[in-house]
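Letter by letter, the chains look like this.
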Amino acid sequence: MLYSEKVMDHMQNPRNLGKMEDADGIGQVGNAKCGDIMKMYIKVSGGIITDVTFNTFGCGSAIAASSMATELIKGKPLEDAVQLTNQAVVEALDGLPHHKVHCSVLAEEAIRAAVEDYYHRQGLDVPGDCAR
Amino acid sequence: MYVYADNAATTAMSPAACRAMEPYFQTIYGNPSSLHSVGQRAAEALEEARAKVAKWIGAKPEEIYFTSGGSEADNQAIRSAALLGAQKNKRRLISTAIEHHGVLHTLKQLEREGFEVVLLPVGPEGIVTVEAVAAALDEATALVTVMMANNEIGTLQPVEEIGALCRERGVIFHTDAVQAVGHIPVDVGRQNIDMLSLSAHKFHGPKGVGALYCRKGVSLRPLIEGGAQERGRRAGTENLPAIAGMAAALEEAATRLEEHQSYVAALRDQLIEGLSQIPHAKLNGDPARRLAGNVSFCFEGIEGESLLLLLDAKGVAASSGSACTSGSLDPSHVLLALGLPHEVAHGSLRLSLSAYNTPQEMEHILSVVPGIVAYLRDISPVWEELEKGVRTHVI
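Residues numbered from 1 in each chain as written. Chains lettered and ligands numbered in written order. Predicted model: local features only at pLDDT ≥ 70, side-chain atom pairs only at ≥ 80, totals over all residues.

The next subject is unusual backbone geometry. All names here are of chain B. Unlike most non-glycine residues, His204 shows phi in positive territory, near 70°. As for its placement among the helices and strands, His204 is situated in the loop between strand S7 (195–199) and strand S8 (210–214). Given 27 C-beta atoms within 10 Å, His204 falls into the buried group. A positive phi angle, near 50°, is found at Arg231, a position not held by glycine. (Helix = DSSP H or I, 4+ residues; strand = E, 2+ residues; numbered from the N terminus. Buried ≥ 20, exposed ≤ 12 C-beta atoms within 10 Å, placed from the backbone.)

Turning our attention to the interface of chain B and chain A. Listed by partner, the interface residues are 22 residues for chain B and 18 residues for chain A. When contributions to the side of chain B that touches chain A are tallied by element, the ones reaching two or more residues are helix H10 (304–313), helix H11 (323–326), helix H13 (342–345) and helix H15 (381–388) of chain B. Of the residues in the side of chain B that touches chain A, the class split is 11 nonpolar, seven polar and four charged. (Contact = placed C-beta atoms within 7 Å. Nonpolar A, V, L, I, M, F, W, Y, C, P; charged D, E, K, R; others polar.)

Another point: the packing of helix H9 (residues 257–275) of chain B against helix H14 (residues 359–378) of chain B. When two helices pack together, their arrangement is given by the angle between the helix axes and the distance between those axes. Residues and elements named next belong to chain B. It is the contact of H9 with H14, at a shortest axis distance of 10 Å, that shows an interaxial angle of 20°. The orientation of H9 relative to H14 falls into the category roughly parallel. The hand of the H9/H14 crossing is right-handed. Contact with H9, carried on its side by Leu267, Gln270, Leu271, Gly274 and Leu275, involves Pro359, Met362, Ile365, Leu366 and Val369 of H14 and no other residues of that element. Residues belonging to the contact of H9 with H14 are distributed by class as follows: eight nonpolar, two polar and no charged. (Axes fitted to C-alpha atoms, helices over the stretch in contact; angles between N-to-C directions. Parallel < 35°, antiparallel > 145°, perpendicular 65-115°, else oblique. Left-handed = near helix turned anticlockwise from the far one by under 90°.)

Residues and elements named next belong to chain B. Each assigned domain of chain B is listed here: domain 1 (3–10 + 257–388) and domain 2 (15–255). A straight line from the C-alpha centre of domain 1 to that of domain 2 covers 29 Å. The interface is formed by 22 residues belonging to domain 1 together with 23 residues belonging to domain 2. When contributions to the side of domain 1 that touches domain 2 are tallied by element, the ones reaching two or more residues are strand S10 (294–299) and helix H12 (333–337). (Domains from an automatic or database assignment.)

Residues and elements named next belong to chain B. The sheet built from seven strands is open, its strands ordered S2-S8-S7-S6-S5-S3-S4 with mixed pairing. Here the strands that pair on one side only, and so sit at the sheet edges, are strand S2 (64–67) and strand S4 (116–120). For this sheet, the mean inter-axis angle between neighbouring strands, taken without regard to orientation, is 20°. Of the pairings in the sheet, the one linking strand S3 (residues 92–96) to strand S5 (residues 141–145) comprises three bridges and is parallel in character. Looking across to S5, one finds that Ile94 is bridged to Val144. (Pairing = 2+ DSSP bridges.)

Attention now goes to helix H1 (residues 5–12) of chain A. What H1(A) keeps buried is the set Val7(A), His10(A) and Met11(A). Mapping the buried residues of H1(A) onto a view down its axis gives an arc of 105°, with all of them on the same face. (Arc of directions from axis to C-beta.)

Shown next as structure tokens:
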């Protein structure tokens, strides 16, 4: 099989799917022309990501990577969430085919964009170790 | 229910083709080049198969060269015609933007070797005009190669007219007929074809075997050097089981062509009608001038690979011109050649049917596609932008 069972599971039964009306931070990355757009919504309380949802336009691994990334940051402090690497997403999915690794990079970037949006909305500077 | 709707990729073998292969594994296993009787029986079978393939495309047996498939036939035809042209200082090769990669990549390589390649555009329906070919033809043209039927969008090209034009101008005309042979009537004489590629597994024959027709009088160079098989044009011991299977499959397909064509076209139209009900969906290619088995759609706001995976989970095997299915970043060159924007081309779905499909299977497809498209749109930020008017609907 091209994809691991975990990828297929997250593709067919995505976790934390959908829009969030009262999000504290929203991050959108990717480009429709290239066939991948990810949008992450986060709810933050006391520096903790209490809820996270996503919407994705893209291939199976893009949907699976978004879904897995939300699971990995839910309930985590913002500082931890922005440390999430694409490699961690790939490993949690039991691997992605080589030409699909960029989907996990998008997931990492989408989370960082949502966290940055949160800081901006709060009128705060993005902490040094969060900015890129 | 599991519906196989990817017959343009490959087909199930017909029972008759399977039976036709059987004797050449353990009974008549001789090498057709051997002088002993088991070899000579194999040689006779090889020539019988050649005569059958020739007959069903209107050629003479000595004009048929067996190959490993459509890609090899394309490579050999184009390379051979280019070499022949170069000897007369003719270095222009004319083709279209929607050819199969077997043709396009061969042309690209020849371009690197100093040939001039002209890829003609197609209209929004995916058909090249004879006028465009005529305008591109000049004294330096070595070859015109235009596919008979497109593999992605099923459009039928005006091959007979292009062939007539090339004949009149003394230019070699090759056609990649991989998607056409066994599905639409093919007659190399009537259609003015000098060279034609065909592939067995597209008409319920075995994989790994095809043929190149090369008209008597047109010189053909080998791609593979070695023994004197195929009259010195294709070295290597002939794959007789596969060749016998191909001949049987072609005979069966050609004998029942009209019956199959109208049956499959009815299935196709059932799908097209049903899928057209989905909002912001578009049929790709020409509604009338298309293969009986081809259904190609674009759905705005979604990506094709995820559509395929979800369809597979619901028991439908299909294909897409999405970038993600090819491993490249660009969607299908064919869909882009129709003038579709990248983001729309990413949302393509190809359902390709054969006589083995049934109306009940079409109902199953129609019962699952709209729901999956709606689900993927529901989770798509692109669709959200389309709905909000931030992004403009194209289809």
